[in-house]
Every structure is written in C-alpha cells, then in structure tokens.
Amino acid sequence: MDSLRRRSSTVQEPPGAARDYRLTPPPAWQPRTDPAPLLPDAEPLRVLGTDAVADADPALLLRLYAELVRGRRYNAQATALTKQGRLAVYPSTTGQEASEVAAALALEERDWLFPSYRDTLAAVARGLDPVQALTLLRGDWHTGYDPREYRIAPLSTPLATQLPHAVGLAHAARLKGDDVVALAMVGDGGTSEGDFHEALNFAAVWQAPVVFLVQNNGFAISVPLAKQTAAPSLAHKAVGYGMPGRLVDGNDAIAVHQVLTEAVDRARRGGGPTLVEAVTYRMDAHTNADDATRYRGDAEVEAWRAHDPIVILERELTERGILDEDGRRAAAEDAEEMAARLRERMNAAPVLDPMDLFAHVYAEKTAQLREQAEQLRAELDAESEA
C-alpha cells in the first residue's frame, strides 16, 4: 500500500524510475533571459555635438536637414489650415520633426509604417501625398490613401490600437517568408493603454520583426509623464517583455536614425522586437483645440526651443562645413513650394459622392446594403431631375 501511495503521488514518473523519483521544476521567479543586455542606457543617446557625428554620412545629414525644414513648414501650414476652416483639427509635431523624419528614413521600401494620428509628417516623409495624409483630419475619409501602395497603415486616432496591428503584420510576414519589418509609432500617452502591453508581449513571445518607437513629448494632452508612470524611463518597460529598450535624444535626428536603423536591421535578421524611446518635446499645443498654457509655462517651452531639432542640426552642419547659405536657401525654398501646393489644393472644395457610403463596407455588398444603395441612387436621380 505504501508503495502504491508513493507511485500515485509521483508526477510523470518514467518507467523503471526509482520509487523516490520526483520532478523538480525550476524556480518560478527565475527569468527566462538575462535582463542586463535589455536595459537601456542611463542617458539618451546623442550624436550631434559629440565626436561620433564625424562618422555620419554627410549626404544623410543633409537629407535629414532638408526633411526637417520641410516638416517644420508642413506643420506650420497645416496649423494655418485649421484656422482657415480647411482642417477640422491638426495635432502638430513641431519640435518632434527629428523623430518623425528618422522613422520614415530608417525603413526600406518593402517595410511597413504604423503611425498614430499625430504622425502625418512621418507618412509624408515616407512619400505620402500631404493632402492624402490630411484627409482624415479634414473629415472626408477615414484614410485618404491606399495603405498597400505606400506601405503605411491607416493613421490611428484610437490610442495604441495600431501597435497590435503592426505585430500581426510583422508576424504574418515572417510566417510567409517575407523580408519585412514593421515600425509602429506611439506617444507617451499611448504607453498607458492595454494595447501597448498586448502588442509588446506578443511581439516578444513571437520574436516578431517589429520596432516600437515611443515619442515621449512630455504630455498626454495635459497629463505629464510623471502622472502616468513611475518607471525610470519608458524604455525600461522593454525588459518586462523580454526585448531590448533603447533611449535616444528625440531631437537629435542622426541619433534617432542610427538607433532605429539598428533596431530595424536587428528585427530583419531575426533578432526580434525593440522598444525605442525618443525623448522630445511638443512645442505646440496638443491640437489646435487645446490651450497648453493651462498646464505648462512659457519658460519650459522656451528651454526646449534651445534644443530645437532644426537648430542643433543646422549648427552642427554649418560648423563642419557641410551646409552653407545656398544649402539653407534651397531647403527653405523647397519647403515653401511644398506649402504653396498644399495650400492651393486644400483650398479647393473636395468633390464628394454620397454613393461612396457603400463603397468600402464589405468586399461583397450584402442584400441590405445593395437595397440601401439603390434607394439612395433613386433619391439622387430624383433630385437631379427636379
């Protein structure tokens, strides 16, 4: 009886094992991986103003500069369009242009960008028509472009919902054998959403080829970061999911480009996801409908203007003889031409077709949808004949 009792209490006892055999599970607290290599540096990575900038490609530096100048003008023009009633709302990225542009330039053409509603500049820098990028904010369409054509997911207004989508696409691409990386952008406020947790957890477990870029611009509308998290940095959250975290100066365009390029290359080689926190600042209000003076002072904003991404890059390029007056003028003129075209096209009233209500609901229209479309068509025909 004692022998039988011992055998019945043994977990998965193999045939022929000694009667006192017992499985010894590993301690439940023991981490699966060494956390040390996953932790970010104590300070954000900087390249501008250091000896490391000497190793940067001058052509890349000039391209970053031109895109930053163009992006600043794009932000100013889009903000002006809201005051003219041509845009319903615009969330500016003035002060964050370095992170926006670097995100676009770090990707290959075959890769995918998953932007938030604030990341229209990143989409434009990737090649999207500025008018199409603003279509959502104009209130015409949810998405004014074909995501597959530009490899840019729809601009996401709900916070952080684009992150699980990026993981799903990246995981599916790897299963299919496609050499594709997804880069998902989110603000510091989005890291407080459940979608952020779910996306990072699945990405790490699946080792999906995805890069998460958190633009920490200081505020989630009016809520400062200190009231959202007690973590040492948002990049430190990466270790809890088993992926590396990187901390970078989000106003240093070449530093952000370097960190993101390394993360994209790592993901493409099968190294799995990376969480990158770009520390930047939202110089403008949350949107044109927000009064930022209610929760932050002018002195704070002015302190960040001294670290303006365009100013610090222009100063570096000028001191190194890479950028001259002709180069500055060419970048400014190109930006003005872009703004003029945007202004002209946005001032034209959009042509709306009520039948578009039924165009993108189902791949194959249901009987009820067809009935509704026919009814609307009859009403429109009757109005035109009246």
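Residues numbered from 1 in each chain as written. Predicted model: local features only at pLDDT ≥ 70, side-chain atom pairs only at ≥ 80, totals over all residues. Heavy atoms only, no water.

A. Local environment of the overall build of the chain. Secondary structure assignment for the chain yields 14 helices and 7 strands. Overall, the chain is about 95 × 70 × 45 Å in size when its C-alpha atoms are taken along their principal axes. Here the chain, with 386 residues, has 45% of them falling under the buried criterion. Relative to all contacts within the chain whose residues are 6 or more apart in sequence, the contacts with residues 24 or more apart total 74%. Split by element, the accessible area of the chain, about 19,600 Å² in all, is 52% carbon and sulfur. (Helix = DSSP H or I, 4+ residues; strand = E, 2+ residues; numbered from the N terminus. Buried < 20%, exposed > 50% of the residue type's maximum accessible area, 1.4 Å probe, protein only. Contact = heavy atoms within 4.5 Å. Areas by Shrake-Rupley, 256 points an atom, 1.4 Å probe, with all protein chains shown as cover.)

B. Focus on the nonpolar core. Core analysis: the largest hydrophobic core is formed by 64 residues, its most contacted members being Tyr74, Leu134, Leu183, Leu260 and Leu313. When residues in this core are grouped by element, the largest group, 9 residues, is from helix α10 (residues 253–268). Look past the residues within four positions of leucine 313 in its chain and what remains in contact with it is Leu48, Leu61, Leu64, Tyr65, Leu68 and Ala253. (Core = buried A, V, L, I, M, F, W, Y, C linked by side-chain atoms within 4.5 Å.)

C. Representation of the pairing of strand β2 (residues 182–187) in the model. Within β2, 5 of the 6 residues are buried, which leaves the element mostly enclosed by the surrounding structure. Here strand β1 (residues 112–114) pairs with β2 via 3 bridges, running parallel. Residue tryptophan 112 lies in a different strand from β2, and its bridge partner there is alanine 182. Handedness of the β-α-β unit built from β2, helix α9 (residues 194–206) and strand β3 (residues 210–216) comes out right-handed. (Pairing = 2+ DSSP bridges. Right-handed = clockwise from strand over helix to strand, strands pointing away.)

D. View of helix α2 (residues 58–83). With 26 residues, α2 ought to run about 38 Å at 1.5 Å a step, and its terminal C-alpha atoms sit 38 Å apart, in line with that. Its side-chain oxygen placed 3.1 Å from the backbone nitrogen of alanine 59, aspartate 57 serves as the N-cap of α2. (Expected span 1.5 Å × (residues − 1). Polar contact = N/O pair within 3.5 Å; in protein donor to acceptor, adjacent residues only side chain to side chain.)

E. Structural view of the packing of α2 against helix α12 (residues 309–319). Orientation of α2 relative to α12, taken along the N-to-C sense of each, is 145°, at an axis distance of 10 Å. Here the hand of the crossing between α2 and α12 comes out left-handed. Here Leu61, Leu62, Leu64, Tyr65, Leu68, Val69 and Arg72 of α2 lie close against α12, whose contacting residues are Pro309, Ile310, Leu313, Glu314 and Leu317. The residue makeup of the contact of α2 with α12, split by class, is 10 nonpolar, no polar and 2 charged. (Axes fitted to C-alpha atoms, helices over the stretch in contact; angles between N-to-C directions. Left-handed = near helix turned anticlockwise from the far one by under 90°. Nonpolar A, V, L, I, M, F, W, Y, C, P; charged D, E, K, R; others polar.)

F. Representation of the packing of α2 against helix α3 (residues 97–105) in the model. Contact geometry of α2 with α3 gives a least axis separation of 9 Å together with a crossing angle of 125°. It follows from the interaxial angle that α2 and α3 lie oblique. Between α2 and α3 lies a crossing of right-handed hand. Taken together, the residues of α3 that come into contact with α2 (itself represented by Arg63, Leu64, Glu67, Leu68, Gly71, Arg72 and Asn75) are Glu97, Ala98, Val101 and Leu105. In terms of residue class, the contact of α2 with α3 is made up of 5 nonpolar, 2 polar and 4 charged. (Parallel < 35°, antiparallel > 145°, perpendicular 65-115°, else oblique.)

G. Representation of the sheet that holds β1. Strand order across the open sheet formed by 5 strands is β1-β2-β3-β7-β6, with parallel pairing between neighbours. At either end of the open sheet lies a strand with only one pairing partner, and these are β1 and β6 (245–249). Across the sheet, the axes of successive neighbouring strands diverge by a mean angle of 20°, strand direction being ignored. Docked against the sheet, α10 engages β2, β3, β6 and β7 (274–279), running at close to 160° with respect to β6.

H. Structural view of the environment of proline 309. Along the chain, proline 309 turns up in helix α12. Here proline 309 falls in the buried class, since its relative accessible area comes to 1%. Taking the C-alpha atoms as reference points, proline 309 and arginine 328, separated by 19 residues in sequence, lie 15 Å from one another. Look past the residues within four positions of proline 309 in its chain and what remains in contact with it is Leu68, Arg72, Gly95, Glu97, Ala98 and Asn251.

I. Up close: α12. Of all the positions in α12, only Pro309, Ile310, Ile312, Leu313, Glu316 and Leu317 are classed as buried. Structurally, α12 contributes buried residues whose contacts are with α2, α3 and α10. Just past α12, the residue glycine 321 takes up positive phi, approximately 75°.

J. Spotlight on the packing of aromatic side chains. Applying the stated rule across the entire model yields 6 aromatic pairs. Seen from their ring centres, phenylalanine 202 and tryptophan 206 are 4.8 Å apart, and the 40° between their planes marks the pair as tilted. With phenylalanine 202 and tryptophan 206 both in helix α9 and 4 residues apart, this pair spans about one turn of that helix. Classification of tryptophan 206 as partly exposed rests on a relative accessible area of 32%. Between tyrosine 281 and tryptophan 304, the aromatic rings sit 5.1 Å apart at their centres with planes inclined by 10°, giving stacked as the arrangement. You can see tyrosine 281 sitting in the loop between β7 and α11 (298–305) and its partner tryptophan 304 sitting in helix α11, a full 23 residues away along the chain. (Phe/Tyr/Trp six-rings, centres within 6.5 Å; stacked < 30°, edge-to-face > 60°.)

K. Broad picture of the side chain of glutamine 96. Of note, glutamine 96 is situated in the loop between α2 and α3. At 2.9 Å, the side chain of glutamine 96 forms a polar contact with the side chain of asparagine 217. Setting aside chain neighbours within four positions, we find glutamine 96 in contact with Arg118, Gln215, Asn217, Thr280, Tyr281 and Arg282.

L. Inspection of the pairing of β3 at higher detail. Summarising burial for β3: 7 of the 7 residues are buried, a large majority. One ladder, built from 6 bridges, connects β2 with β3; its direction is parallel. Within the sheet, the bridge partner assigned to leucine 183 lies in β3 and is valine 211. Relative to β7, β3 is paired through 6 bridges, and the arrangement is parallel. Following the sheet pairing, asparagine 216 is matched in β7 by valine 279.

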